[in-house]
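As a plain string of letters, each chain reads:
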Amino acid sequence: EETRERFFREARSAGQLMHRNIITIYDFGEEGGRAYIVMELLTGDSLAKVMTNPEPMPLERQIEIMTRVCEGLAFAHARGIVHRDVKPANLFITAEGQLKILDFGVARIASSKLTRSGLIVGTPDYMSPEQVMGKVVDQRSDIFSCGTVFYQLLTGRKPFAAKRLPQILDKVMSETPTAIAATEAPAEQAAI
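Residues numbered from 1 in each chain as written. Predicted model: local features only at pLDDT ≥ 70, side-chain atom pairs only at ≥ 80, totals over all residues. Heavy atoms only, no water.

*Asks:* Even after reading the chapter, I still don't get the sheet that holds strand β3 (residues 44-46), so can you show me in this structure?
*Replies:* Two strands in a sheet stick together by hydrogen bonds in their backbones, pointing the same way (parallel) or opposite ways (antiparallel). Taking strand neighbours across the sheet as the criterion, the three strands line up as β3-β5-β6 in an open arrangement whose pairing is antiparallel. Only two strands of the sheet have a single partner each, and these edge strands are β3 and β6 (99-101). Sheet twist, expressed as the average angle between the axes of neighbouring strands with direction ignored, equals 25°. Of the strand pairs in this sheet, strand β5 (residues 91-94) and β6 are connected by three bridges, and their pairing is antiparallel. The residue of β6 that forms the bridge with L91 is I101. (Pairing = 2+ DSSP bridges. Helix = DSSP H or I, 4+ residues; strand = E, 2+ residues; numbered from the N terminus. Axes fitted to C-alpha atoms, helices over the stretch in contact; angles between N-to-C directions.)

So this is what it looks like as C-alpha cells:
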C-alpha cells in the first residue's frame, strides 16, 4: 500500500510540473490492479551515459546543462516539490540537446506526511548529509545533490566515491571532496 501511495504521489507531483526541463506527465491511473503513468516519450541518453563518452564535454555545455537542471529544480521547489534523487541517471539529454529531469519517484510534496523522518531515500553517492541521517529534507538537499553532479561533470569523478556503502555515507557526513584542480575547471566553477 505504501508503494502504491508513493507511485500515485509521484504521478500527482510530477503532473503539476509543466516545465521545459522536467519530463511531462500526461496521465496516470490504475487498470486491473496495475498502476501506470503516461509520460512524454524522449529519445537521447541519460547524463550518466553521456558522461561515459571519452570525448570531454566542453565547459560551456556543462554549465548549460547544470543551468537547466537548476531551472527545473527551482520550478519544482517553488511548487513545494523536492526531487530527493538528483543524479546523472535521472538527468536526460534529448536528441535535440534539451535537458529533462526524470523520476520524481522519491519526490516529496512539502506538506506530505507519507515521507517520515528516519527513512533514507535517494542514491548514496549524491545524497545530502540530511538524507544520510534519515532526516526530513527540503530543497537544499536537491541543491547539494546538484552540486555533486556538477562536481562529477567537471572532474569525471564522484565527490564521495568509495567501494562500500558505509564508506560513502561516512564521506558524505564528514569529508570535504578533493579540491577541483585548475586543469579540471576554472576557479569560478570550482567554487560552486
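*Asks:* Mind showing me how you'd approach the side chain of H83 here?
*Replies:* Tracing the backbone shows H83 in the loop between β4 (81-82) and β5. In this structure the side chain of H83 is engaged in a polar contact, spanning 3.0 Å, whose partner is the backbone nitrogen of D85. A distance of 2.8 Å separates the side chain of H83 from the backbone oxygen of L102, its partner in a polar contact. (Polar contact = N/O pair within 3.5 Å; in protein donor to acceptor, adjacent residues only side chain to side chain.)

*Asks:* It is not clear to me how the pairing of strand β1 (residues 25-31) should be interpreted in this structure. Could you clarify?
*Replies:* Remark: a regular strand shows side chains that alternate across the two faces of the sheet. Two strands pair when backbone bridges link them, and β1 and strand β2 (residues 34-39) are joined in this way by six bridges, in the antiparallel orientation. Along β2, the bridge assignment pairs F28 with I37. The hairpin turn running from β1 into β2, its antiparallel successor, is two residues long, and G32 in that turn takes a positive phi close to 60°.

*Asks:* Even after reading the chapter, I still don't get the packing of aromatic side chains, so can you show me in this structure?
*Replies:* In this description, an aromatic ring pair is defined by two values, namely the gap between the centres and the angle between the planes. Tallying each qualifying case throughout the model produces two aromatic pairs. A ring pair is formed by F8 and F28, whose centres lie 6.1 Å apart and whose planes are at 50°; its orientation type is tilted. In this pair, F8 is assigned in helix α1 (residues 2-15) and F28 in strand β1, connecting sequence segments 20 residues apart. With centroids separated by 6.0 Å and ring planes inclined at 10°, the aromatic side chains of F144 and F160 adopt a geometry described as stacked. (Phe/Tyr/Trp six-rings, centres within 6.5 Å; stacked < 30°, edge-to-face > 60°.)

*Asks:* Help me out: how do you make sense of unusual backbone geometry in this one?
*Replies:* Apart from glycine, the bulk of residues carry a negative phi angle, and the bulk of peptide bonds sit in the trans form. The backbone of R84 sits at a positive phi, close to 75°, despite the residue not being glycine. Considering the arrangement of structural elements, one finds R84 in the loop between β4 and β5.

*Asks:* When you look at the packing of helix α3 (residues 59-78) against helix α5 (residues 139-155) in this model, what are you seeing that I'm missing?
*Replies:* Helix packing for two helices is described by the angle between their axes and how far apart those axes are. Interhelical geometry of α3 versus α5 gives an angle of 170° and a closest axis separation of 11 Å. Relative to α5, the element α3 lies roughly antiparallel. On α5, the residues touching L59, Q62, I63, M66, V69, C70, L73 and H77 of α3 are Q139, D142, C146, V149, F150, L153 and L154. By residue class, the composition of the contact of α3 with α5 is eleven nonpolar, three polar and one charged. (Parallel < 35°, antiparallel > 145°, perpendicular 65-115°, else oblique. Contact = heavy atoms within 4.5 Å. Nonpolar A, V, L, I, M, F, W, Y, C, P; charged D, E, K, R; others polar.)

Without other data, these values stay purely geometric and don't point to any function.
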